[in-house]
Structure formats: structure tokens, C-alpha cells
Amino acid sequence: MMQILEKLYHPRHIIIAHELIKLVSIELSMGDGASAAAAFARADAIFSLYYGPDVKRILPYVDALRRTVSERSVDSC
């Protein structure tokens, strides 16, 4: 699905970031903290491009997800 979206939109489009967040949730539920961390880092970079320093205000769940990904990626090492 990501490949299709990246062909429709550019790889740093906001839609890609939202889909990456969905992927992070799936990877966390499957216990793949390392992959979740990589997908989250990519989504976070895209959100920063669009929202700048206001990411935490506009998307408050991102901070909680960041902590969860960080905890799970350490656990999977």
C-alpha cells in the first residue's frame, strides 16, 4: 500500500505520514519495535515539515506514540 501511495503522492506528503502512523501501530502490535521506530521516525520528520514546532499542539498523540515506540524499540534490542 505504501508503494502505491508514494506513486500517487511524493514520499514526504502528509498522507504518507498518516499511513506510516497506522503502520507503526501494526508493527507495535506485532512486537516489531525496531521497524516501528523506523516508520515513526519517517512520519515524525514529515509531520515536522508540515507543522513545524506546532506538531505537539496539532497532533497531541504523536508524543505519546513517540514514548511507546521508544520503550518498545529498546525492549526489542
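Quick summary incoming for the structure in this document. (Residues numbered from 1 in each chain as written. Predicted model: local features only at pLDDT ≥ 70, side-chain atom pairs only at ≥ 80, totals over all residues. Heavy atoms only, no water.)

Moving on, we get to the overall build of the protein chain. When helices and strands are counted, the protein chain shows five helices and zero strands. Going residue by residue from the N terminus, the α and β elements of the protein chain occur as α-α-α-α-α. Its C-alpha atoms give the protein chain a radius of gyration of 12 Å, within 12% of the compact-globule value 11 Å for 77 residues. For the C-alpha atoms alone, the extent of the protein chain along its principal axes is close to 35 × 30 × 15 Å. Looking at the protein chain residue by residue over its 77 residues, the buried ones come to 34%. Both charge centroids of the protein chain, one from 9 positive and one from 9 negative side chains, sit 5 Å from each other. (Helix = DSSP H or I, 4+ residues; strand = E, 2+ residues; numbered from the N terminus. Rg over C-alpha atoms; globule rule 2.2 N^0.38 Å. Buried < 20%, exposed > 50% of the residue type's maximum accessible area, 1.4 Å probe, protein only. Lys, Arg positive; Asp, Glu negative; His and termini not counted. Charge placed at Lys NZ, Arg CZ, Asp CG, Glu CD.)

This next bit is on the pattern of salt bridges. Evaluated as defined, the whole model comprises six salt bridges. The residue Lys-22 makes a salt bridge to Glu-19 at a minimum N-O spacing of 2.8 Å. Taken together, the residues Lys-22 and Glu-19, both in helix α2 (residues 14–29) and three residues apart, mark about one turn of the helix. Classification of Lys-22 by relative accessible area gives partly exposed; the value is 47%. Relative accessible area serves as the criterion here: at 15%, Glu-19 is assigned to the buried category. In this structure, Arg-66 engages Asp-63 in a salt bridge whose closest nitrogen and oxygen atoms are separated by 2.7 Å. Taken together, the positions of Arg-66 and Asp-63, both in helix α5 (residues 61–75) and three residues apart, correspond to about one turn of that helix. The partly exposed category is assigned to Arg-66, whose relative accessible area is 27%. (Salt bridge = Lys/Arg side-chain N within 4 Å of Asp/Glu carboxyl O.)

As a further point, take helix α3 (residues 33–51). Between its first and last C-alpha atoms α3 spans 26 Å; for 19 residues at 1.5 Å apiece the expected length is 27 Å, and the two agree. Gly-52 lies just past α3 and shows a positive phi near 60°. (Expected span 1.5 Å × (residues − 1).)

Let us look at the nonpolar core. Counting residues in each nonpolar core, the largest one holds 20 residues, and the members touching the most others are Leu-20, Val-24, Phe-40, Phe-47 and Leu-65. No other element matches the seven residues that α2 contributes to this core. Setting aside residues no more than four positions away along its own chain, Val-24 makes contact with Ala-36, Ala-39, Phe-40, Leu-65 and Val-69. (Core = buried A, V, L, I, M, F, W, Y, C linked by side-chain atoms within 4.5 Å. Contact = heavy atoms within 4.5 Å.)

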